[in-house]
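In case you want the letters, here they are:
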Amino acid sequence: MLNILLFGPPGAGKGTQSEKLIARYNLVHLSTGDIFRANIKGATELGILAKSYMDKGQLVPDEVTIRMLESEVNKNPNAKGFIFDGFPRTQAQAEALDNLLKSKSVSITLMLALEVEEEELRKRLLLRGKDSGRPDDQNPDVIQKRIDVYNNETSPVKHFYTSQGKYKGINGIGEIEEIFNLLCVEIDSAK
Ligand code: ADP
């Protein structure tokens, strides 16, 4: 099983690259942000709860996020593998994911981290906010909050995978196709 973690700050290009990777490797794409947004659209209880955090640029609480992710993984028993996009974002989420995969006798193959500096992220997110309709991309204070949360809570998750020898940093600046090729080279050599 090929289980890829696509990691990186908000606006690094995880969603764009995930779309290309699932097509090439026939994987199931689990984006926690997308799942929350679908729940917001459907006005589910989970969506209403998630929205109250997302609109402020805060993380949705671990307990809620982990339960949701587990149920999404369990919905795909025949998957050839997964791309986890936007998860794990905390140490507790990383540990929960490890335990879940262990219980199925599988593991994470590789963490691919898209590296993009902050100034570029702020530019990309504001640009995306112009037509994405995402409220969290339209407010500079919320964007900064998300970058700060990434630096303080999410970025340290790298160490968890570095210590397992699974971390690979990838330059996230350049042409989409060029970055995609860099990701594929890493995946092909880890398979
Ligand atoms: P981006 O990476 O551009 O910020 P996402 O779609 O991945 O966009 O996430 C949007 C928001 O959804 C986050 O700011 C956060 O509030 C919430 N969210 C997504 N994934 C998680 C997660 N794993 N844990 C907690 N909150 C999450």
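Everything quoted here is computed from the prediction, not taken from an experiment.

The relative placement of two aromatic rings is captured by the distance of their centres and the angle of their planes. The tally for this structure, following the rule as stated, stands at three aromatic pairs. Ring centres of Phe7 and Tyr150 lie 5.9 Å apart, and the angle between their planes is 50°; this geometry places the pair in the tilted category. Here Phe7 is found in strand 1 (residues 2-7), whereas its partner Tyr150 is found in helix 7 (residues 140-154), with 143 residues between them in sequence. Looking at Tyr150, the relative accessible area reads 10%, which means it is buried.

What follows covers the sheet that holds strand 1. Spatially, the five strands line up as an open sheet ordered 2-3-1-4-5, and their pairing is parallel. Only two strands of the sheet have a single partner each, and these edge strands are strand 2 (28-31) and strand 5 (167-171). Strand-to-strand, the axes of this sheet are offset by a mean angle of 20°, without reference to chain direction. When strand 4 (residues 110-115) meets strand 5, the two strands line up parallel, connected through five bridges. Paired with Leu112 across the bridge in strand 5 is Lys168.

Both faces of the sheet carry side chains from a regular strand, because those side chains alternate between them. Of all five residues in strand 3 (residues 81-85), five are buried; the element is thus mostly enclosed. Pairing between strand 1 and strand 3: five bridges, direction parallel. Note that in strand 3 the partner of Leu5 across the bridge is Phe84.

As a volume, the largest pocket reaches approximately 1,000 Å³. In this structure, the largest pocket is lined by 50 residues; those nearest its centre are Pro10, Gly11, Lys14, Arg128 and Arg134. Those elements that provide at least two residues to the lining of the largest pocket are strand 1, helix 1 (14-25), strand 2, helix 2 (32-41), helix 6 (118-132), helix 7 and helix 9 (176-190). Here the lining of the largest pocket takes six residues from helix 6, the largest share from any one element. Looking at the lining of the largest pocket residue by residue, the class counts come to 18 nonpolar, 19 polar and 13 charged. As a volume, the second largest pocket reaches approximately 190 Å³. Looking at the second largest pocket, the residues that line it are Arg37, Ala38, Ile40, Lys41, Lys51, Met54, Asp55, Gly133, Arg134, Pro135 and Asp136. Looking at the lining of the second largest pocket, the elements with two or more residues in it are helix 2 and helix 3 (45-54). Per-element tally for the lining of the second largest pocket: the top contributor is helix 2, with four residues. Here the lining of the second largest pocket is built from residues that sort into four nonpolar, one polar and six charged.

Next up on the list: the pattern of salt bridges. Inspection of the entire model under this criterion finds 15 salt bridges. Among the salt bridges present, the one from Glu118 reaches Arg122, with a minimum N-O distance of 3.2 Å. With Glu118 and Arg122 both in helix 6, this residue pair falls four residues apart, about one helical turn. Taking relative accessible area as the criterion, Arg122 reaches 26% and is therefore assigned partly exposed.

The next point concerns the site of the ligand. Around the ligand lies a shell of 20 residues, among which Thr32, Arg37, Gln58, Gly86 and Gln93 are the nearest. One nitrogen or oxygen atom from the main chain of Val60 is found 3.0 Å from a nitrogen atom belonging to the ligand. Relative to its free-state accessible area of 550 Å², the ligand is covered by the protein chains to the extent of 97%. Placement of the ligand is best described as lying within the largest pocket. Here the residues of the shell around the ligand are counted per class, giving six nonpolar, seven polar and seven charged.

The rules we used
Numbering of residues starts from 1 in each chain and follows the order in which that chain's sequence is written. Two thresholds apply to this predicted model, a pLDDT of at least 70 for residue-level local features and 80 or more for giving and counting side-chain atom pairs, whereas whole-chain, interface and lining totals are computed over all residues. Values shown for side chains rest on all heavy atoms present in the structure; no hydrogens or waters enter the calculation. For this analysis, a ring pair means two rings from Phe, Tyr or Trp (six-membered ring only for Trp) whose centres lie within 6.5 Å, classed as stacked if their planes differ by under 30 degrees, edge-to-face if by over 60, and tilted for the remaining angles. Helix numbers and strand numbers start at the N terminus; a helix is a DSSP run of H or I with at least 4 residues, a strand a run of E with at least 2. Relative accessibility thresholds used throughout: buried, under 20% of the residue-type maximum; exposed, over 50%; partly exposed, between the two (1.4 Å probe, protein chains only). Should DSSP find at least two bridges between two strands, the strands are regarded as paired. With axes taken as lines fitted to C-alpha atoms, and helix axes fitted only over the stretch in contact, angles between N-to-C directions fall between 0 and 180 degrees. Of the two site types, the cavity is a set of points on a 1 Å grid over the protein atoms alone where a 1.4 Å probe fits but cannot get out, and the pocket is an open set with protein on both sides within 12 Å along at least five of seven lines, each lined by residues with an atom within 4 Å of a point. Grid points are joined across faces, edges and corners, and a volume is the space filled by probe spheres set on the points. Polar here means any residue outside two lists: the nonpolar Ala, Val, Leu, Ile, Met, Phe, Trp, Tyr, Cys and Pro, and the charged Asp, Glu, Lys and Arg; Gly therefore counts as polar. Here a salt bridge means any side-chain nitrogen of Lys or Arg lying within 4 Å of a carboxyl oxygen belonging to Asp or Glu. One heavy atom suffices: a residue is near a molecule or strand as soon as one of its heavy atoms comes within 4 Å of it. Polar contacts, as used here, are pairs of N or O atoms within 3.5 Å; protein pairs need one atom able to donate a hydrogen and one able to accept it. Residues neighboring in sequence count only if both atoms are side-chain atoms. We get accessible surface area from the Shrake-Rupley algorithm with a probe of 1.4 Å; when it comes to residues, only the shown protein chains can shield them. Molecule-in-pocket calls rest on the fraction of atoms, with more than half required to lie within 2 Å of the cavity or pocket grid points.

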